[in-house]
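# Results of the structural survey
Listed here are the chains, written in short residue letters.
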Amino acid sequence: MIVGIPKEVKRDEYRVALLPVGAEEFVRAGHQVIIEKDSGIGSGLTNEQYLEAGATLVDTAEEVFAQADMIMKVKEPQPEEFALIRKGQIVFTYFHFAASKELTQGMIDSGAICLAYETLRDQRGTLPLLTPMSEVAGRMSIQEGAKYLEKPQMGQGILLGGVPGVAPAHITILGGGIVGANAAKIAAGFNADVNILDINMDRLRYLDDVMPPNVNVLFSDRHVIRHQLQLADLVIGAVLIPGAKAPMLVSREDLKLMKPGSVIIDVAVDQGGCIETSHPTSHSDPTYLIDDVLHYCVANMPGAVGRTSTFALCNVTLPWALRVAKNGIEKSLAESPELQTALNIHTGRVTNQPVAATFDLPY
Ligand code: NAD
C-alpha cells in the first residue's frame, strides 16, 4: 500500500501524522510512504529523518493525494483539500464530523473511506486515539493556569505552590476524567491545593486511592461548585458527557463569586464549554476578561506543544494504520470491530449513526 502524509494546513497546527520511525515500520512491512516536504518541521522532525527512514519526499500535497492509497492526517481535511481526495481513498485522521456539515458533505461527495481517530473504541470501551490529546490538554492546563495567574498576564499574581509561610493556590477541577486526572497530577506536583469534582462515585473513589494527599475529591453538585468558586484561584473545566454538549456548570452570575484576577481554563470548550461565558479562542489570542475573571478557552490546546503531541498521537495511531496497510481496508474492517467503530463514511455512505442523525442523512 502507498501511505501518504500531507503537511497540515489548518491554522496553528504544528503536528504531523507519522513519525520517521513510523515511516520505517511501513517500509519494513513492504509498503511505500510519500510525505510532503517540511511536514514534520512544526514538530522538530526534519526532511532528512524521513528520507533516512525510507520515505519518499514530494513538493506538494497534490502529489501526496494523487498517489496514496491511504492518507494519514492530524486535523480534518480543509476545504482546499476536499477536491484532492479520490474515490475509494482511505483517510485516517481526526474528523469530528458532527461539528461540520460542510466537511461531512465534502467527504460524502469525495467517495473517500473515512476512518476517524476520535470514534475508534477499543475492547475496553475507551477511545485510545483520543486519550493522548486529553492527557496533553490536562497537563498543559496547569502550565497555562500558572502562567495566567501571573500579574503581567492579568492574573492575581499567585504562585501555584506558594512558599513556606504563604498558602499555595486553590485549584478546582470540574470533571475527573482523563483531562481532570492529568491536570490534578501536575497541579499536585506544584504543591497546589487541588480539588477534583465529579459525579461518578466510582471515579472519585479511584482518584482518592491514586492521588497524593494534596488532592481532595468532591462530589459535584451546585452547592459544592459555588463554594469552590469562592475559594478558587484557578478553575479547570474538564467535564464530558460523551456525544453531547458539555453541561454548563458555571453561570455568568456565578462569576461574581470568584476573586478578581482568578483564572478559568475551560478545556471542555471544544464540546461547547462548561462555563457559560466560554467561547473558543486561538493560540494567537488565547484569553479574555469577563467580570475580572481571566478566561483561556483554546479549542486545540495540544497544537501548541506540537512535538509532544505528535509523538503521543503517532504512538497510538501507527499500529492501526499498519493493520489497515497489511490487510487492506475491507479485510481489516471485517476482522476488527474496533476499526468498524472508526469508520464514519464509506464511499459516499455515512456509516456512523450519530453523524447521520446530526445532519438527517441516510444511515
Ligand atoms: P472524560 O470522559 O475522560 O472525563 C469527563 C469526566 O467528566 C467524567 O469523569 C465524568 O464523570 C465527568 N462529568 C460529567 N458530568 C459532570 C458534572 N456535572 N460535574 C463534574 N464532572 C462531570 O473526558 P476527557 O477526555 O477528560 O475530556 C474532557 C473534555 O476535554 C472533553 O470535552 C474533551 O473534548 C476536552 N478536550 C479538549 C482539548 C482542547 O484542546 N481544548 C483537548 C483534549 C480534550
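This text goes with the structure placed above it.
Just so it is clear, the model here is predicted, and its values are computed rather than measured.

As a further point, take the site of the ligand. Residues in contact with the ligand amount to 26 residues; listed here are only the nearest, S134, V179, D198, D270 and M301. One of the backbone nitrogen or oxygen atoms of V267 is found 3.0 Å away from a nitrogen atom of the ligand. Contacts to the ligand include D270, whose side-chain N or O atom sits 2.7 Å from an oxygen atom. Starting from 870 Å² of accessible surface for the ligand in isolation, the protein chains cover 86%. Broken down by element, the residue count for the shell around the ligand peaks at 3 residues, all from helix α6 (residues 131-148).

Attention now goes to the sheet that holds strand β11 (residues 263-266). In space, the 7 strands of this open sheet follow the order β9-β8-β7-β10-β11-β13-β12, with mixed pairing throughout. Looking along the sheet, the strands with just one partner apiece sit at the ends: β9 (215-219) and β12 (287-290). The sheet shows a mean angle of 20 degrees between the axes of neighbouring strands, direction not considered. Where β12 and strand β13 (residues 293-296) come together, 4 bridges link them in antiparallel fashion. For I290, the partnering residue across the bridge sits in β13 and is V293.

A few words on the sheet that holds strand β4 (residues 70-72). Strand order across the open sheet formed by 8 strands is β3-β2-β1-β4-β5-β6-β14-β15, with mixed pairing between neighbours. Unpaired on one side and paired on the other, β3 (56-58) and β15 (349-350) mark the two borders of the sheet. When strand β2 (residues 32-36) meets β3, the two strands line up parallel, connected through 3 bridges. Residue I35 lies in a different strand from β3, and its bridge partner there is L57.

Right, let's get into the state of the cysteines. Under the criterion given, the structure shown has 0 disulfides. Not engaged in a disulfide, the cysteine C114 finds its nearest cysteine sulfur in C314; these two sulfurs lie 19 Å apart. The exposure class of C114 is buried, given its relative accessible area of 0%. For C297, which is in no disulfide, the shortest distance to another cysteine sulfur is to C274 and amounts to 9.3 Å. You can call C297 buried: its relative accessible area is 0%.

About the thresholds
Residues numbered from 1 in each chain as written. Predicted model: local features only at pLDDT ≥ 70, side-chain atom pairs only at ≥ 80, totals over all residues. Heavy atoms only, no water. Near = heavy atom within 4 Å. Polar contact = N/O pair within 3.5 Å; in protein donor to acceptor, adjacent residues only side chain to side chain. Areas by Shrake-Rupley, 256 points an atom, 1.4 Å probe, with all protein chains shown as cover. Helix = DSSP H or I, 4+ residues; strand = E, 2+ residues; numbered from the N terminus. Pairing = 2+ DSSP bridges. Axes fitted to C-alpha atoms, helices over the stretch in contact; angles between N-to-C directions. Disulfide = S-S within 2.5 Å. Buried < 20%, exposed > 50% of the residue type's maximum accessible area, 1.4 Å probe, protein only.

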